[in-house]
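Here are the chains, one letter per residue:
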Amino acid sequence: MPIKTVTCHVAECDVCGTAYGSDSGDQRAVHATTCESAAELVHEDPEWLITADGRVICLADDERHQAALDALMPPAPQSVCDGQIPLPIDL
């Protein structure tokens, strides 16, 4: 029986280190043959996110994951005016 090297790719959450697929009942990470195929698997799962800069984030419901998602959002818009906008008098 020959022994050969096999390279596999496993996507891991950048926040908590959970391997993709290991959060299922059988606790087995999903292995892919290429980096691209691992990204495709994660991309198809609504419980995981791949950011534009290549970060992988599972959508666990805790403060660390929420902070990572909040950091992806653009800054809040600046208010255009202070207080209430006056209504026109000639209604």
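Data block above holds the structure.
Residues numbered from 1 in each chain as written. Predicted model: local features only at pLDDT ≥ 70, side-chain atom pairs only at ≥ 80, totals over all residues. Heavy atoms only, no water.

(A) Inspection of the overall build of the chain at higher detail. Assigned secondary structure in the chain consists of two helices and two strands. Element order for the chain, N to C, with α for helix and β for strand: α-β-β-α. Considering only contacts in the chain between residues 6 or more positions apart, those separated by 24 or more positions represent 35%. Element-wise, carbon and sulfur atoms account for 57% of the exposed surface of the chain, whose accessible area totals about 7500 Å². (Helix = DSSP H or I, 4+ residues; strand = E, 2+ residues; numbered from the N terminus. Contact = heavy atoms within 4.5 Å. Areas by Shrake-Rupley, 256 points an atom, 1.4 Å probe, with all protein chains shown as cover.)

(B) Just the state of the cysteines, in detail. Here the structure, examined in full by the defined rule, presents zero disulfides. This cysteine, cysteine 58, is not joined by any disulfide, and cysteine 13 carries the nearest cysteine sulfur, 3.7 Å off. Residue cysteine 58 is classed as buried on the basis of its relative accessible area of 7%. (Disulfide = S-S within 2.5 Å. Buried < 20%, exposed > 50% of the residue type's maximum accessible area, 1.4 Å probe, protein only.)

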